[in-house]
Structures are given as structure tokens and as C-alpha cells.
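# Summary of structural features
The lines below spell out each chain.
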Amino acid sequence: MAMGDIAFNLLIFFVILARAQDDSHLQWTPAKAENLEQAGHSMVSVVVDTENKLYLNGQEIGVGQLASAIEDQLGDAPPGERTVLLKVHQEAVALRFEPVIEAVSEAGGDLVHIVEDVKKASKK
Amino acid sequence: MAIRRNSRLLIEPPASATGDIAFNLIVFFLVCASVQPDSGRKQTIPKAEQTEQKDQQTDTISVELTRQAVFLNGDPVTPKDFGPRIKAKLDARSNPAEKVVVVKSKPDTPYNHWIAVTSQIEDAGGIVTLQLEEEQTVTVP
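A few points on the structure. (Residues numbered from 1 in each chain as written. Chains lettered and ligands numbered in written order. Predicted model: local features only at pLDDT ≥ 70, side-chain atom pairs only at ≥ 80, totals over all residues. Heavy atoms only, no water.)

### Observations regarding the side chain of Ser-45 of chain A
Residue and element names in this part refer to chain A. Topologically, Ser-45 is positioned in strand 3 (residues 44-48). The exposure class assigned to Ser-45 is buried, which follows from its relative accessible area of 8%. In this view, Ser-45 contacts Asp-23, Tyr-55, Leu-56, Asn-57, Leu-85 and Lys-87; residues no more than four positions away in its chain are not counted. (Helix = DSSP H or I, 4+ residues; strand = E, 2+ residues; numbered from the N terminus. Buried < 20%, exposed > 50% of the residue type's maximum accessible area, 1.4 Å probe, protein only. Contact = heavy atoms within 4.5 Å.)

Written as C-alpha cells, this is what we have:
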């Protein structure tokens with residue numbers, strides 16, 4: 001009985017710990033595009049949510065610190081392993097997302113826009 | 001003769017099993033949540049650099065985006081015509097350096113419009129370059 005409870009509590013602890021690094025709690029609607037490919041594994045994820053707030057790996061950040069923070073996260077990763085997932089809410093405006101793209105480019109990240117397939121979206 | 005009715009119609013599962021049930025449910029939902037992969041579009045944007053404003057070279061393809069419209073080298077284009085027209089322009093150029101397309105967006109251009117246009121440029125073989133306006137602070141004495 002006690003073993004089950006201990007395992008349960010440990011699991012809850014690690015789930016909460018993982019959520020702090022995760023961006024699944026953020027609200028954003030992906031834009032639609034064609035010819036998509038699998039984004040693969042990435043250490044860095046940048047989100048611009050429905051409220052135009054900017055997050056790096058689930059933590060809110062200012063656009064001024066973004067480039068250096070991405071550089072820190074990517075470290076000395078070789079080309080091909082420097083993927084940065086960019087998740088921008090479909091209604092976000094250029095004034096907000098273009099400096100973010102510029103920061104990813106400045107940090108030497110391989111940019112992948114996370115979007116929804118047009119065909120899948122039209123089926124919904 | 002009186003018949004004794006069984007009042008215990010519902011049999012509760014043993015309380016000791018609830019922890020195990022919850023544990024298995026959490027594992028199930030965690031696995032479901034982590035299996036869904038992200039799909040997207042790779043985009044190679046040349047590293048940012050500051051350049052002085054120069055006279056626009058006549059042979060550079062430029063695309064201007066507003067909230068709803070697209071302008072190709074200054075001419076308004078419908079979203080349907082944009083793909084074929086940019087492809088025709090890029091196909092006429094053999095040198096990769098000439099396939100650079102300068103994209104300039106108005107501040108209120110929405111992301112879904114921007115990604116639709118830049119996707120078409122890349123699908124046509126173009127290399128997207130962003131032209132951002134520099135913010136300048138002027139101090140009045």
C-alpha cells in the first residue's frame with residue numbers, strides 16, 4: 001500500500017517539475033501552411049501566445065534577452081542539432097514576431113515554424 | 001416466511017487499488033501526451049546584420065506585406081496569383097544569390113498571412129530575407 005503511494009507522489013513531483021520546463025500549458029493557435037515536415041527533437045522552444053507574451057521553454061522572457069538565452073541553451077551543439085521550435089499564435093503581428101525570428105537567427109538556431117497542415121485543418 | 005433481502009447490491013473495489021489505478025491512468029495520459037510529434041516548416045534566414053540604407057538594387061525581388069495584401073516589387077498581387085508569379089520570377093534566375101527575396105512587413109501583418117506568403121516564396125525556390133526597420137531614438141535638446 002505505502003509503496004504505491006510513494007510511487008504516486010514521486011510521479012506527481014516529477015510531472016510538476018517537468019511542466020515548469022514545458023510549454024504545453026501555454027495558449028496559442030497554430031497558423032496553417034502546406035508541405036510540412038516532422039520538426040524532430042529540439043532543446044529550445046519559443047512561444048508567442050494569444051496574449052502576445054513571449055516564452056522560452058515555458059518561461060516568460062523579454063525579446064531583448066532572447067538571443068543570448070537561446071545561445072546559452074544551444075551551447076556548442078553542432079549544426080543540425082540547433083533546432084529552435086517557433087510557435088507563434090496565428091493572429092500575432094509582425095511587430096511582435098519578426099524581432100523573435102531575428103533573435104533566433106542571431107543566436108545561430110535552425111528555425112522551425114510549428115504550424116498546422118492545411119489539409120488536416122480543413123477536415124476539422 | 002420472510003425473505004431476507006441483500007442490501008449490499010454494490011460492491012466497492014478495495015481501497016488499496018485506487019492508488020494503483022491512479023498511477024496507471026497518469027502513466028497512460030503521460031505517454032499519450034508525449035507521443036504527439038510537432039510538424040512544421042524549416043526556414044533558413046540569413047544571420048541578422050545591420051546595413052546602411054542603400055538605393056534598392058533594381059534586380060532584387062522585394063515582397064511587401066500589409067494586414068491583408070501582398071505587393072510584389074511594388075505591384076499588388078492577389079494571394080492566388082502570388083505563387084505562380086514569384087515562381088516565374090525566381091525560375092528566370094539561375095544564380096542562387098539572385099534568388100534572395102526581401103520581405104518587408106507592415107507592423108500589423110498577422111503571422112498566418114506572413115507564413116502563407118513566405119512558404120510560397122520558399123516553395124518557389126526563393127531565400128527569404130527579412131528587412132526590419134531600425135528603431136531610432138532622437139533626443140531633443
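Let's pick the thread back up.
### Quick look at the sheet that holds strand 2 (residues 61-65) of chain B
All names here are of chain B. Within the open sheet, the five strands sit side by side as 4-3-2-5-6. Their pairing is mixed. Here the strands that pair on one side only, and so sit at the sheet edges, are strand 4 (75-77) and strand 6 (127-130). Averaged over all pairs of adjacent strands, the angle between strand axes in this sheet comes to 30 degrees, irrespective of strand direction. With three bridges connecting them, strand 3 (residues 70-72) and strand 4 associate as antiparallel partners. Residue pairing for strand 4: Leu-72 is matched across the bridge by Asp-75. (Pairing = 2+ DSSP bridges. Axes fitted to C-alpha atoms, helices over the stretch in contact; angles between N-to-C directions.)

### Some words on the packing of helix 2 (residues 79-91) of chain B against helix 3 (residues 111-123) of chain B
Residue and element names in this part refer to chain B. Relative to each other, helix 2 and helix 3 sit at 30 degrees, their axes nearing to 9 Å. Regarding the angle of helix 2 to helix 3, the classification is roughly parallel. Along this stretch, helix 2 crosses helix 3, giving a crossing that reads as right-handed. Each of Pro-79, Phe-82, Gly-83, Ile-86 and Leu-90 in helix 2 lies in contact with helix 3, whose residues at this interface are Val-117, Gln-120 and Ile-121. (Parallel < 35°, antiparallel > 145°, perpendicular 65-115°, else oblique. Left-handed = near helix turned anticlockwise from the far one by under 90°.)

### Section: the interface of chain A and chain B
At the interface, 37 residues of chain A touch 34 residues of chain B. Summing the contributions of chain A and of chain B, the shared interface buries around 3,100 Å²; its carbon and sulfur component is 61%. Our count for the chain A to chain B interface comes out at zero salt bridges. With eight residues, helix 3 (residues 94-106) of chain A is the largest single contributor of residues to the side of chain A that touches chain B. Grouping the amino acids of the side of chain A that touches chain B by side-chain chemistry returns 22 nonpolar, seven polar and eight charged. As paired elements, strand 2 (residues 37-38) of chain A and strand 1 (residues 39-43) of chain B share two bridges and run antiparallel to each other. Residue pairing across strands places Glu-37 of chain A opposite Gly-40 of chain B, the latter belonging to strand 1 of chain B. (Buried area = accessible area lost by both parts, 1.4 Å probe. Salt bridge = Lys/Arg side-chain N within 4 Å of Asp/Glu carboxyl O. Nonpolar A, V, L, I, M, F, W, Y, C, P; charged D, E, K, R; others polar.)

None of the figures reported here should be taken as evidence of function without further support.
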